Amino acid sequence: MTTAKRSVPFFNYKVFQNKYGDRLNRVIQDVISRGAFILQKDVEEFEQKMASYIGVKHAIGVANCTDGLEIALMAAGIQRGDEVILPSHTFIATAAAVKTVGAEPVLVECGSDHLMDPKSFENAMTKKTRAVIPVQLNGRTCDMDAILSIAEKYHLIVVEDAAQALGSMYKNKKAGSFGLAAAFSFYPAKILGCLGDGGMVMTNHDAMADKIYRLHEHGRSQAGDINCWGRNSRLDNLQAAILNEIWQDHESIITRRREIAVLYQERLGDLKQLHLPPAPQLDFNHFDVYQNYEIEAGNRDALQMYLKEQGIGTLQQWNGKAIHQHENLGFDTVKLPMTDKMTSRYLMIPINMSLTNDDVEYVCEKIRFFYKNSI
Ligand SMILES: *Cc1c(COP(=O)(O)O)cnc(C)c1O
């Protein structure tokens, strides 16, 4: 049985437009009519929603997640001479934030779920290590018991990169609530995306919240007094208003992503050439929201090309490279064989809100056909 050829793009911005166009036009008109552009009630409302949803005391909207990580590290006092441990399998922004505050990113391996490997983290400890950034990648939260106990043992600051993990949980606690601070992204292709850039920093710590607020708003406190240098990295009120609107769909977005992950598991789980992400409902410690569905695949490049010919969009995350594999960034002597092996096999197959069950079936059918004919 073969289905007629169809087009399954990796991410379909047009479907997003059709689904939200009218709703968002109303929101935009409303913001314009109120002339409410900078630090207005929509930002405040969205910050409160985020704080109560994640279960932390403070949420501060920022211009993007990269700024959020940088501001969180700065507020935590990370500076020149410090080392910060993070997985090499992450977006360059995680390491760039460390560099920007003057510290050195130290890259470590990921485990079979593609998240930071706690053993590799502990092995990378030196006298200079001051902080760790667990990256809650692909909508999954790291094994935070292991990471927090190592961090505690060596008195490290924990800042979570939760850019890909809004709604993800470990032992019923949300990503973004474990560290001294955490940062989220609302980049359009993220689980909750706005119409441009946006981010949020979370913390339970009052003094940290004050520092973060000042750093993102020219050194000013909420009352307006200045007692330190700051910068401008605010979440636009218009983006906050848009996020408040899309927020209404957040739970159903997660439900749908998990449904798609179940379908992939059911249809592809038996293929020995593939290594799939952890299945939903299999491990009760984790609640994954599937920002990405990142598989490992034998004969990956040929599979990707074949799927492209069949109209199916796939992506290698970070353009196929872990951070230590980039030249000229200072990681020439770094050896991470597990990550090297993983990046030679990894591939993200479509998972998004415009995907129908028939699309998923088509993707699975083509992958199965590829392996049936390649052995
Ligand atoms: C998207 C992303 C970021 C950066 O988010 P921006 O809002 O684009 O700055 C950081 N880390 C990870 C893991 C990401 O996926």
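Residues numbered from 1 in each chain as written. Predicted model: local features only at pLDDT ≥ 70, side-chain atom pairs only at ≥ 80, totals over all residues. Heavy atoms only, no water.

J.: Help me out: how do you make sense of the side chain of glutamine 136 in this one?
T.: Note that glutamine 136 resides in the loop between strand E4 (129-132) and helix H6 (144-153). Residue glutamine 136 is classed as buried on the basis of its relative accessible area of 0%. Reaching out from glutamine 136, the side chain makes a polar contact with the backbone nitrogen of cysteine 142 at a distance of 2.8 Å. Non-local contacts of glutamine 136, meaning those with residues more than four positions away in its chain, are made with Thr141, Cys142, Met144, Glu160, Asp161, Ala162, Gln164, Ala165 and Ala175. (Helix = DSSP H or I, 4+ residues; strand = E, 2+ residues; numbered from the N terminus. Buried < 20%, exposed > 50% of the residue type's maximum accessible area, 1.4 Å probe, protein only. Polar contact = N/O pair within 3.5 Å; in protein donor to acceptor, adjacent residues only side chain to side chain. Contact = heavy atoms within 4.5 Å.)

J.: What exactly am I supposed to notice about the pairing of strand E2 (residues 83-87) here?
T.: Here is the key point about a regular strand: its side chains alternate between the two faces of the sheet. For E2, the tally of buried residues reaches 5 of 5 residues, placing the bulk of the element in the interior. One ladder, built from 5 bridges, connects E2 with strand E3 (residues 104-108); its direction is parallel. Across the sheet, the residue bridging to proline 87 is valine 108, located in E3. Viewed along the sheet, the connection from E2 through helix H4 (residues 92-100) into E3 turns out right-handed. Direction of pairing for E2 relative to E4: parallel, over a ladder of 3 bridges. By the bridge assignment for E4, isoleucine 85 is matched with valine 132. (Pairing = 2+ DSSP bridges. Right-handed = clockwise from strand over helix to strand, strands pointing away.)

J.: Can you walk me through the environment of methionine 353 in this structure?
T.: As for its placement among the helices and strands, methionine 353 is situated in the loop between strand E13 (346-349) and helix H12 (357-374). Placed 342 residues apart in sequence, methionine 353 and phenylalanine 11 show a C-alpha to C-alpha distance of 8.8 Å. For methionine 353, the contacting residues outside a window of four places in its chain are Ser252, Ile253 and Arg256.

J.: Is there a simple way to explain empty space enclosed by the protein in this structure?
T.: Once rolled over the atoms, a probe with the size of a water molecule shows which space is left empty. Applying the stated rule across the entire model yields 3 cavities of 30 Å³ or more. What lines the largest cavity is a set of 15 residues, among which Asp113, Asn138, Pro277, Pro278 and Glu294 lie closest to the centre. When its residues are assigned to classes, the lining of the largest cavity shows 6 nonpolar, 5 polar and 4 charged. Residue lining of the second largest cavity: Arg140, Arg258, Pro278, Ala279, Pro280, Gln281, Asp283, His286, Asp288 and Tyr290, and that is the complete set. (1 Å grid on protein atoms, 1.4 Å probe; cavity = no way out; pocket = protein on both sides within 12 Å on 5 of 7 lines; lining within 4 Å. Points joined across faces, edges and corners; volume = space filled by probe spheres on them. Nonpolar A, V, L, I, M, F, W, Y, C, P; charged D, E, K, R; others polar.)

J.: Even after reading the chapter, I still don't get the packing of helix H2 (residues 41-54) against helix H8 (residues 237-247), so can you show me in this structure?
T.: Packed helix pairs are characterised by how far apart their axes lie and by the angle those axes make with each other. Interhelical geometry of H2 versus H8 gives an angle of 45° and a closest axis separation of 8 Å. Taken together, the axes of H2 and H8 are oblique relative to one another. The crossing of H2 and H8 is left-handed. Residues Lys41, Asp42, Val43, Glu45, Phe46, Lys49, Met50 and Tyr53 of H2 lie in contact with H8, whose contacting residues are Asn237, Ala240, Ala241, Leu243, Asn244 and Trp247. (Axes fitted to C-alpha atoms, helices over the stretch in contact; angles between N-to-C directions. Parallel < 35°, antiparallel > 145°, perpendicular 65-115°, else oblique. Left-handed = near helix turned anticlockwise from the far one by under 90°.)

J.: Could you clarify how one ought to interpret H4 in this entry?
T.: Because an α-helix completes one turn every 3.6 residues, residues spaced three or four positions apart along the sequence face the same direction. Of the residues making up H4, those classed as buried are Ala93, Thr94, Ala95, Ala97 and Val98. Buried positions along H4 lie against helix H3 (65-75), E2, E3 and strand E5 (157-161). Directly beyond the C-terminal end of H4, a positive phi value near 95° is found at glycine 102.

J.: It is not clear to me how the sheet that holds strand E8 (residues 181-185) should be interpreted in this structure. Could you clarify?
T.: The 7 strands lie next to each other as E1-E9-E8-E5-E4-E2-E3, forming an open sheet whose pairing is mixed. The open sheet is flanked by strand E1 (58-62) and E3, the only strands paired with a single partner. On average, adjacent strands in this sheet sit at an angle of 25° to one another, irrespective of strand direction. In the packing of H2 onto the sheet, the strands contacted are E1, E8 and strand E9 (199-203), and the crossing angle to E9 comes to about 50°.

J.: Got a minute to help me understand the packing of aromatic side chains in this structure?
T.: Here the distance between the centres and the angle between the planes together describe a pair of aromatic rings. As enumerated under the stated definition, the model contains 10 aromatic pairs in all. Pairing tyrosine 53 with tryptophan 247 gives two aromatic rings, centres 5.0 Å apart and planes at 85°, and the pair type is edge-to-face. Here tyrosine 53, found in helix H2, pairs with tryptophan 247, found in helix H8; they are 194 residues apart in sequence, far enough to count as distant. One exposure class covers both tyrosine 53 and tryptophan 247, and it is buried. Note on tyrosine 306 and phenylalanine 369: the rings are 6.4 Å apart at their centroids and 20° apart in plane angle, and the pair reads as stacked. Placement of the pair is tyrosine 306 in helix H10 (residues 300-309) and phenylalanine 369 in helix H12, with a sequence separation of 63 residues. Judged by its relative accessible area of 14%, tyrosine 306 falls in the buried class. One aromatic cluster is present, built from ring pairs that chain together Phe46, Tyr53, Phe186 and Trp247. It is lysine 173 that lies over the ring of phenylalanine 178; its NZ or CZ is 4.8 Å from the centre. Lying over the aromatic face of tyrosine 53, lysine 174 brings its terminal NZ or CZ to 4.0 Å of the ring centre. (Phe/Tyr/Trp six-rings, centres within 6.5 Å; stacked < 30°, edge-to-face > 60°. Lys NZ or Arg CZ within 6 Å of the ring centre and 35° of its normal.)

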